[in-house]
Amino acid sequence: DMHLLEDEDYKRAHLGQGTHTNIYEGVLHVCSGVNGEDETEYFSTEQNNNSRDVHVVLKMLDPSHRDVALAFFETASLMSQVSHIHLAFVHGVCVRGSENIMVEEYIEHGPLDVFLRKNKGRIMVGWKFTVAAQLASALSYLEGKNLVHGNVCAKNILLARKGLEDGLLPFIKLSDPGVSFTVLSREERVDRIPWIAPECVRDVSNLSTAADKWSFGTTLLEICFDADVPLKERTPSEKERFYEKKHRLPEPSFKELATLISQCLNYAPGERPSFRTILRDLTQLQPDNRLDITSVNPEFP
Ligand code: ATP
Ligand code: MG
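Please read these numbers as outputs of a predicted model, since none were measured by experiment. (Residues numbered from 1 in each chain as written. Chains lettered and ligands numbered in written order. Predicted model: local features only at pLDDT ≥ 70, side-chain atom pairs only at ≥ 80, totals over all residues. Heavy atoms only, no water.)

Let us now look at the state of the cysteines. Counted under the stated rule, the structure contains zero disulfides. Between Cys200, a cysteine without a disulfide, and Cys153, which holds the nearest cysteine sulfur, the sulfur-to-sulfur distance is 14 Å. Judged by relative accessible area, Cys200 falls into the buried class, the value being 0%. (Disulfide = S-S within 2.5 Å. Buried < 20%, exposed > 50% of the residue type's maximum accessible area, 1.4 Å probe, protein only.)

Secondary-structure assignment places Lys173 in strand β9 (residues 171-174). For Lys173, a relative accessible area of 15% translates into the label buried. One polar contact links Lys173 to Glu105, side chain to side chain, over a distance of 3.4 Å. Residues contacting Lys173, with those up to four places away along its chain left out, are Ile85, His86, Leu87, Ala88, Glu105, Ile107, Asn156, Ile157, Leu158 and Ala160. (Helix = DSSP H or I, 4+ residues; strand = E, 2+ residues; numbered from the N terminus. Polar contact = N/O pair within 3.5 Å; in protein donor to acceptor, adjacent residues only side chain to side chain. Contact = heavy atoms within 4.5 Å.)

What follows concerns empty space enclosed by the protein. Under the criterion given, the structure shown has two cavities of 30 Å³ or more. Taken as a whole, the largest cavity spans an internal volume of roughly 70 Å³. Contributing to the lining of the largest cavity are Gly150, Asn151, Val152, Phe181, Arg192, Trp195, Ile196, Ala197, Ala211 and Ser215. Each residue belonging to the lining of the largest cavity can be placed in one class, and the counts come to six nonpolar, three polar and one charged. (1 Å grid on protein atoms, 1.4 Å probe; cavity = no way out; pocket = protein on both sides within 12 Å on 5 of 7 lines; lining within 4 Å. Points joined across faces, edges and corners; volume = space filled by probe spheres on them. Nonpolar A, V, L, I, M, F, W, Y, C, P; charged D, E, K, R; others polar.)

Let us now look at the layout of surface pockets. Computed from the structure, the largest pocket encloses a volume of approximately 550 Å³. Lining the largest pocket are 26 residues, with Ile23, Lys155, Asn156, Leu158 and Ser175 positioned closest to its centre. Looking at the lining of the largest pocket, the elements that each hand over two or more residues are β2 (11-18), β3 (21-32), β5 (51-61) and β7 (99-105). The element that contributes the greatest number of residues to the lining of the largest pocket is β2, accounting for four residues. A class-by-class count of the residues in the lining of the largest pocket yields nine nonpolar, ten polar and seven charged. For the second largest pocket, the calculated volume is near 360 Å³. What lines the second largest pocket is a set of 20 residues, and nearest its centre among them are Cys153, Lys155, Asp191, Arg192 and Trp195.

Surveying the vicinity of ligand 1 reveals 20 residues, the closest of which are Thr19, Thr21, Lys59, Ile107 and Asn156. Within the contact set of ligand 1, a nitrogen atom lies 3.0 Å away from a side-chain nitrogen or oxygen of Glu104. A distance of 2.9 Å separates a nitrogen atom of ligand 1 from a polar atom in the backbone of Glu105. When atoms are counted within 2 Å of each cavity's grid points, the one that captures over half of ligand 1 is the largest pocket. Taken together, the elements giving at least two residues each to the shell around ligand 1 come down to β2, β3, β5 and β7. (Near = heavy atom within 4 Å. Sits in = over half its atoms within 2 Å of the grid points.)

What follows concerns the environment of Gly178. Note on placement: Gly178 falls in the loop between β9 and α4 (186-191). Measuring from C-alpha to C-alpha, the distance between Gly178 and Phe73 comes to 9.3 Å, with 105 residues separating the pair along the chain. Those residues in contact with Gly178 that lie beyond four places of it in its chain are Lys59 and Thr75.

Our next topic: the side chain of Glu25. As for its placement among the helices and strands, Glu25 is situated in strand β3. Side chain to side chain, Glu25 and His55 meet in a polar contact 2.8 Å long.

Below, the discussion takes up the packing of aromatic side chains. Across all of its chains, the model carries six aromatic pairs by this definition. Between Trp214 and Tyr243, the aromatic rings sit 5.5 Å apart at their centres with planes inclined by 85°, giving edge-to-face as the arrangement. With a gap of 29 residues between them, Trp214 in helix α6 (residues 209-224) and Tyr243 in helix α7 (residues 236-244) connect regions that are remote in the sequence. Across the pair, exposure class does not vary: Trp214 and Tyr243 are buried alike. Note on Trp214 and Tyr267: the rings are 5.1 Å apart at their centroids and 70° apart in plane angle, and the pair reads as edge-to-face. Note that Trp214 is positioned in helix α6 and Tyr267 in the loop between α8 (255-264) and α9 (275-284), a separation of 53 residues in sequence. We classify Trp214 as buried; its relative accessible area is 1%. In this structure Tyr267 comes out as buried when scored by relative accessible area, which is 16%. (Phe/Tyr/Trp six-rings, centres within 6.5 Å; stacked < 30°, edge-to-face > 60°.)

This is the structure in structure tokens:
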């Protein structure tokens with residue numbers, strides 16, 4: 001149960017722009033009802049004894065076509081149906097006149113790509129494996145429910161704990177996928193190469209859990225290479241040709257991990273392994289922190 005107040009103060013810092021969205025930091029005011037039930041009052045600035053403020057992000061959809069707005073609501077609905085320690089929590093969605101806003105938990109240390117770039121060359125292999133396994137566990141959970149995320153990339157992985165101090169592990173949460181790519185233009189889909197699965201560039205109705213496996217493979221590459229994205233410098237038509245010619249993305253020199261990644265980056269969706277298998281393989285690989293996985297295999301064509 002929630003309602004809105006006519007107050008513009010709820011919006012704080014602008015965090016960035018996404019696909020048809022703008023993200024702001026915000027505060028969610030949660031008050032306890034008299035009968036003990038939680039009554040959620042969004043964006044209120046009032047205080048009372050039984051209330052608490054929750055740090056959130058407000059993901060505001062740009063003025064959009066009806067189909068895009070529907071896809072945005074579908075995402076909000078997907079995210080509020082699921083519950084997993086490595087998935088960002090979505091409080092709900094608000095409609096304020098023509099504004100559509102998704103309210104998501106604020107995750108302290110921001111996106112993984114920014115973090116990896118900032119700490120280039122300092123992140124240990126074990127740390128990276130932990131993040132990969134946490135991501136695989138969230139995706140395995142979705143796979144078990146036959147749900148597709150559709151926008152897995154390092155930018156959409158948020159760090160709840162950095163895990164740089166001795167004895168602490170990182171803790172990640174996968175953010176919501178935003179506007180589903182099924183309503184994006186071909187140009188916008190091409191822009192998502194190499195994360196988007198090849199079969200989905202051609203035809204959006206090919207979206208399935210297999211598509212998440214391809215994106216997972218690309219995300220593992222990003223993690224290995226400290227957020228250095230393959231094909232980053234290429235033009236849209238070069239990217240498209242890359243997929244059409246079924247070229248392979250660069251692989252890391254660490255053989256076992258390279259094998260796992262190449263299984264995910266299989267042009268035949270049906271041949272990609274299940275996340276259950278991926279998770280098992282990841283936990284069986286015993287990473288040695290002295291290994292350098294940031295380098296590209298020199299034997300790679
Ligand atoms: P997309 O749907 O394409 O992922 P988006 O609207 O989610 O788009 P992003 O580019 O993913 O936009 O995020 C914009 C910025 O907001 C990023 O810099 C990220 O740091 C920040 N951000 C997004 N979600 C959260 C969150 N839950 N907690 C903290 N920061 C966040
Ligand atoms: Mg995002």
